[in-house]
Amino acid sequence: MPFVRRHLIQFAAASLATLALGAAAQSYPTKPVTLMVPYSAGGLSDNIARRVNVPLAATLGQPVIIENLGGASGSIAAQKVVNAPSDGYMVFQGSPNELILAPLAIPSIKYKPEDFRQVHRVALAPMAVFARANLPVKNADELAAYAAKVAKEGKPLTYASVGVGSFYHLLGGKMSKDLGIPMTHVPYKGGADAFRDLVGDQVDIFITPYSLAQVEFVKQGKVKAVAALTPQRQRLLPDTPTTAESKALKNFQYEIGTGYFVKRDTPEPVVQKLHQALQKTLTDTQFKAGLFAMGQEVSPSQTLSEADKAYKDETAAYQSIAKAIGLNPQ
């Protein structure tokens, strides 16, 4: 076959494929969309997904199916999204935990933060330090003093996380570094598992976002809320002092957002439709009430460029903290 003819055929085939992809993108979605949740059912991440999927499905005109896939700091679920086609039918619900921090801590992870694009943040979560019920502390300063005492006795304070390299692992390491006191990390597959062992006195503390379910455990005396990680006292924990009220952890203040991500090479028309659907979901009355009851704040509206910039800024910030505490692949 002459070179010119072969080149024209290849060009035509590529053009037809591009047109077909464009047409498919314009009609998105034509089948159910999978919402990949990187933790086990019953935890905070799963509960957020179950507030989102119904109004999101109504806007998209297709079912939104939740798939829970925990393990390896959420990277197993993230990798599954990376391995899926770039067509918007598998959407990742995540945070800095899985996409930014896990690749820094787990050498077997092959994806990078840049492989994902944030379509929209949906929720912001206040955080608190929870402790087993019989831990003899009531605030951040008492926690710091107790951590110093048990470390000297050769029994370092244990802190739970949702996996090596997770945001909660990072915060535990940062607290240890800020206090200058050794602490022992205990990783779990998800927040529900970590909280269960906190209730069972198997671990000392868990730095985590929370919902009404965790607040109920506090009211029942099954766990303690030691300190909120915010400048002001929190809506669901009004009697819990903040780290800002302490001396030892005065500047230890953090929150975490939940966002929706697709592979970065997902066609723009698909990303735009998903972005518009998520923006509409954020205005849904039941969705907002559900998040409010869980202790979450609905994210302000973001343009696509704002969502992407926020993700890139978070990437730089958390990579800097990881470097400061010496987070290394394990």
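Residues numbered from 1 in each chain as written. Predicted model: local features only at pLDDT ≥ 70, side-chain atom pairs only at ≥ 80, totals over all residues. Heavy atoms only, no water.

Novice: Is there a simple way to think about the packing of aromatic side chains in this case?
Specialist: Two aromatic rings are characterised by how far apart their centres lie and by the angle between their planes. Using the criterion set out here, one finds 12 aromatic pairs in the structure. With 5.6 Å between their ring centres and 70° between their planes, Phe-130 and Phe-195 make a pair best called edge-to-face. Here Phe-195 lies in helix H7 (residues 191-199) and Phe-130 lies in strand E4 (residues 116-132), a separation of 65 residues in the sequence. With a centroid separation of 6.3 Å and 80° between ring planes, the pair formed by Phe-167 and Tyr-254 is classed as edge-to-face. (Phe/Tyr/Trp six-rings, centres within 6.5 Å; stacked < 30°, edge-to-face > 60°. Helix = DSSP H or I, 4+ residues; strand = E, 2+ residues; numbered from the N terminus.)

Novice: Got a minute to help me understand helix H10 (residues 285-294) in this structure?
Specialist: Because an α-helix packs 3.6 residues into every turn, residues spaced three or four apart end up facing the same way. Considered for burial, the residues of H10 that qualify are Phe-287, Gly-290, Leu-291 and Met-294. Looking straight down H10, one finds that the buried residues subtend no more than 95° of arc, so they occupy a single side. If you follow the buried residues of H10, they end up packed against helix H2 (44-60), E4, helix H8 (212-219), helix H9 (268-281) and strand E10 (297-298). The distance from a side-chain oxygen at the start of H10 to the backbone nitrogen of Gln-286 is 3.2 Å, and the residue carrying that oxygen is Asp-284. Immediately downstream of H10, the backbone of Gly-295 shows phi near 90°, a positive value. (Buried < 20%, exposed > 50% of the residue type's maximum accessible area, 1.4 Å probe, protein only. Arc of directions from axis to C-beta. Contact = heavy atoms within 4.5 Å. Polar contact = N/O pair within 3.5 Å; in protein donor to acceptor, adjacent residues only side chain to side chain.)

Novice: What is the right way to look at the pairing of strand E6 (residues 183-187) in this model?
Specialist: In summary, the side chains of a regular strand alternate between the two faces of the sheet. Bridge count for strand E5 (residues 157-161) against E6 is five bridges, and the pairing is parallel. Looking at E6, one finds that Ser-161 is bridged to Pro-187. You can see the chain leave E5, run along helix H6 (residues 167-179) and come back into E6, and the turn it takes is right-handed. (Pairing = 2+ DSSP bridges. Right-handed = clockwise from strand over helix to strand, strands pointing away.)

Novice: Would you explain the nonpolar core in this entry?
Specialist: Across soluble globular proteins, nonpolar side chains show a tendency to be buried alongside one another. Core analysis: the biggest nonpolar cluster contains 72 residues, and Met-127, Phe-130, Leu-143, Leu-157, Phe-167, Met-175 and Ile-205 have the highest contact counts within it. Apart from the residues within four sequence positions on either side, Phe-167 is in contact with Asn-97, Leu-101, Met-127, Tyr-254, Glu-255, Ile-256 and Tyr-318. (Core = buried A, V, L, I, M, F, W, Y, C linked by side-chain atoms within 4.5 Å.)

Novice: Would you mind showing me how to read the layout of surface pockets here?
Specialist: Any empty space left between the atoms is revealed when a probe the size of a water molecule rolls over them. Approximately 390 Å³ is the volume attributed to the largest pocket. Gly-43, Leu-44, Ser-45, Tyr-168 and Pro-209 are, among the 30 residues lining the largest pocket, the residues nearest its centre. Counting residues per element, the ones that place at least two in the lining of the largest pocket are H2, strand E3 (90-94), helix H4 (96-105), H7, strand E7 (205-209), H8 and strand E9 (255-263). It is H2 that contributes the most residues to the lining of the largest pocket, five residues altogether. (1 Å grid on protein atoms, 1.4 Å probe; cavity = no way out; pocket = protein on both sides within 12 Å on 5 of 7 lines; lining within 4 Å. Points joined across faces, edges and corners; volume = space filled by probe spheres on them.)

Novice: What is the right way to look at the pattern of salt bridges in this model?
Specialist: Side-chain pairs of opposite charge can arise whenever the charged atoms involved come near each other. Inspection of every chain in the model, using the stated rule, returns 15 salt bridges. Close ionic contact of Glu-67 with Lys-80 constitutes a salt bridge, the shortest N to O distance being 2.6 Å. Within this pair, whereas Glu-67 is found in strand E2 (residues 64-68), its partner Lys-80 is found in helix H3 (residues 75-83), the two being separated by 13 residues in sequence. According to the relative accessible area criterion, Glu-67 is partly exposed, its value standing at 24%. (Salt bridge = Lys/Arg side-chain N within 4 Å of Asp/Glu carboxyl O.)

Novice: Would you take a moment to explain the side chain of Ser-299 for this structure?
Specialist: Assignment of secondary structure puts Ser-299 in the loop between E10 and helix H11 (304-324). A relative accessible area of 6% places Ser-299 in the buried class. Those residues in contact with Ser-299 that sit more than four places away from it in its chain are His-120, Arg-121, Val-122, Ala-123 and Leu-282.

Novice: Got a minute to help me understand the environment of Val-119 in this structure?
Specialist: For Val-119, the position within the fold is in strand E4. For Val-119, a relative accessible area of 0% translates into the label buried. Measuring from C-alpha to C-alpha, the distance between Val-119 and Val-262 comes to 7.1 Å, with 143 residues separating the pair along the chain. Apart from the residues lying within four places of it in its own chain, the contact partners of Val-119 are Tyr-260, Phe-261, Val-262, Val-271, Leu-274, His-275, Leu-278, Leu-304 and Ala-307.

Novice: Is there a simple way to think about the pairing of strand E8 (residues 223-228) in this case?
Specialist: The element E8 is largely enclosed, with a buried count of five among its six residues. Note: E4 against E8, five bridges, orientation antiparallel. Residue pairing in the sheet places Ala-128 in a bridge with Ala-228 of E8.

Novice: Would you mind going over the confidence of the model for the chain with me for this structure?
Specialist: Close inspection of predicted coordinates is inappropriate for parts of the model with low pLDDT. Residues at a pLDDT of 70 or more form 92% of the chain, whose mean pLDDT is 90. Contacts from residues 13-21, a stretch scored under 50 in pLDDT, to residues over four places away or in other chains number one contact. (pLDDT = per-residue confidence, 0-100.)

Novice: Before we go on, may I ask you to explain the packing of H4 against H11 in this structure?
Specialist: The description of two packed helices rests on the angle between their axes and on the distance between the axes. Put simply, H4 and H11 touch, their axes get as near as 10 Å, and they point 40° apart. By the angle between their axes, H4 is oblique relative to H11. Note that H4 runs across H11; the crossing there is right-handed. Residues Pro-96, Leu-99, Ile-100, Leu-101 and Leu-104 of H4 touch H11, and the partners they reach there are Tyr-311, Glu-314, Thr-315, Tyr-318, Gln-319 and Ala-322. Of the residues in the contact of H4 with H11, the class split is eight nonpolar, two polar and one charged. (Axes fitted to C-alpha atoms, helices over the stretch in contact; angles between N-to-C directions. Parallel < 35°, antiparallel > 145°, perpendicular 65-115°, else oblique. Left-handed = near helix turned anticlockwise from the far one by under 90°. Nonpolar A, V, L, I, M, F, W, Y, C, P; charged D, E, K, R; others polar.)

Novice: Explain the environment of Gln-302 to me, please; I cannot follow it from the model alone.
Specialist: Relative to the helices and strands, Gln-302 is located in the loop between E10 and H11. Judged by relative accessible area, which is 10%, Gln-302 ranks as buried. When the C-alpha positions of Gln-302 and Gln-279 are compared, they lie 8.0 Å apart, and in sequence the two are 23 residues distant. Non-local contacts of Gln-302, meaning those with residues more than four positions away in its chain, are made with Gln-118, His-120, Arg-121, His-275, Gln-279, Ala-307 and Ala-310.

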